[in-house]
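Take a look at the letters that make up each chain.
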Amino acid sequence: MAKLPSYIVGNWKMNGSAADVAVLQAIAQAAEAHPHVDTGICPPATLIAGFAAHAGQVQIGAQDCHAKASGAHTGNLSAAMLQEAGAAYAIVGHSERRADQGETDADVAAKAEALHTAGMGAILCVGETLEERDSGHAIAIVTAQLAASLPASASGDWLSVAYEPVWAIGTGRVPVSDDIAAMHAALRATLVEKLGEAGKGVRILYGGSVNPGNATEILAIPDVGGALVGGASLKAETFVPIIAAAPR
Ligand code: PGA
């Protein structure tokens, strides 16, 4: 199975305005020098359409989608709606949504499946809280979360996994490299157990306080296929060096 390119995705969360298309354009211009990297930006849904026209090789994604194709779901957006606006994929199961919106593993699996049905990609997030890390059972907890969130049709041509320890998101704290390596190896084993050969081709991104200073070390860890980047993706000055740090 051919190795997929490194995948570096920025999650803007609830940040940014139309004027920030200038940031996207700066990122897109710089990304041209790194054609071997799959680069993405997930702006707020209101910016997807405006950004898609200026993204160059940067793939525009959404931060969530509804599991249903249409219906009485006030305030929600379906995968096909996001696709029509210009999104090629969406993040599902981010820990902020699992915590703030009470999304369950089953919800996350259904959302991923909805994206696949619409012909889109998915980045499926998993990760442990600080209490779970301190309990010594983080690997068992996160692999179980992945197993329960993973749609049966998952394969690397449309789905990636992002390991994001909740305590590392937006905190400046990052697990030691050995802990990232151990978690990614365990997630790979779970993917192979659930999906067989197809599980070997799913990229596993690391997310949580990735920045230009730590990206090279993190991206060199075995089975780290890229990064999901929050704060550092809001400015070209901090996101472009992370793209540049991605190994070939
Ligand atoms: P951070 O966010 O890079 O700001 O820690 C990562 C994420 O939540 O995806």
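It should be emphasised that the depicted structure is a prediction, and the values quoted were computed from it without experimental measurement. (Residues numbered from 1 in each chain as written. Predicted model: local features only at pLDDT ≥ 70, side-chain atom pairs only at ≥ 80, totals over all residues. Heavy atoms only, no water.)

## Some points on the packing of helix 1 (residues 21-31) against helix 10 (residues 236-244)
Helix 10 packs onto helix 1 with a crossing angle of 25° between their chain directions and a minimal axis gap of 10 Å. In terms of orientation, helix 1 and helix 10 fall into the roughly parallel class. Between helix 1 and helix 10 lies a crossing whose hand is right-handed. Across the interface between the two elements, Val 23, Ala 26, Ile 27 and Ala 30 of helix 1 pack against Ala 236, Phe 239, Val 240 and Ile 243 of helix 10. Residue composition of the contact of helix 1 with helix 10, grouped by class: eight nonpolar, no polar and no charged. (Axes fitted to C-alpha atoms, helices over the stretch in contact; angles between N-to-C directions. Helix = DSSP H or I, 4+ residues; strand = E, 2+ residues; numbered from the N terminus. Parallel < 35°, antiparallel > 145°, perpendicular 65-115°, else oblique. Left-handed = near helix turned anticlockwise from the far one by under 90°. Contact = heavy atoms within 4.5 Å. Nonpolar A, V, L, I, M, F, W, Y, C, P; charged D, E, K, R; others polar.)

## Some words on helix 10
Residues Ala 236, Phe 239, Val 240, Ile 242 and Ile 243 constitute the buried set of helix 10. Down the axis of helix 10, the sector holding all buried residues measures 155°, keeping them to one side. (Buried < 20%, exposed > 50% of the residue type's maximum accessible area, 1.4 Å probe, protein only. Arc of directions from axis to C-beta.)

## So, the pattern of salt bridges
Counted under the stated rule, the structure contains 11 salt bridges. Two residues, Glu 103 and Arg 97, come together in a salt bridge whose shortest N-O distance is 2.7 Å. With relative accessibility at 22%, the residue Arg 97 sits in the partly exposed group. Between Asp 105 and Arg 98 there is a salt bridge, with the nearest N and O atoms lying 2.5 Å from each other. Here the salt bridges do not stand alone but share partners, grouping Asp 64, Arg 97, Glu 103 and Lys 111 into one network. (Salt bridge = Lys/Arg side-chain N within 4 Å of Asp/Glu carboxyl O.)

## Details of the site of the ligand
Taken together, 13 residues surround the ligand, and among them Lys 13, His 94, Glu 164, Gly 170 and Ser 209 come closest. Here an oxygen atom of the ligand and a backbone polar atom of Gly 230 are 2.8 Å apart. Between the ligand and Gly 231 there is a distance of 2.8 Å, counted from an oxygen atom to a backbone nitrogen or oxygen. Among the residues forming the shell around the ligand, the class breakdown is four nonpolar, seven polar and two charged. (Near = heavy atom within 4 Å. Polar contact = N/O pair within 3.5 Å; in protein donor to acceptor, adjacent residues only side chain to side chain.)

## Some remarks on the sheet that holds strand 3 (residues 59-62)
Spatially, the eight strands close up into a barrel ordered 1-2-3-4-5-6-7-8, and their pairing is parallel. Strand-to-strand twist in this sheet, taken as the mean axis angle between neighbours without regard to direction, amounts to 25°. Note: strand 4 (residues 89-92) against strand 5 (residues 121-126), four bridges, orientation parallel. Bridged to Ile 91 within strand 5 is Ile 123. (Pairing = 2+ DSSP bridges.)

Everything listed here is a matter of coordinates, which is why it stays silent on function.
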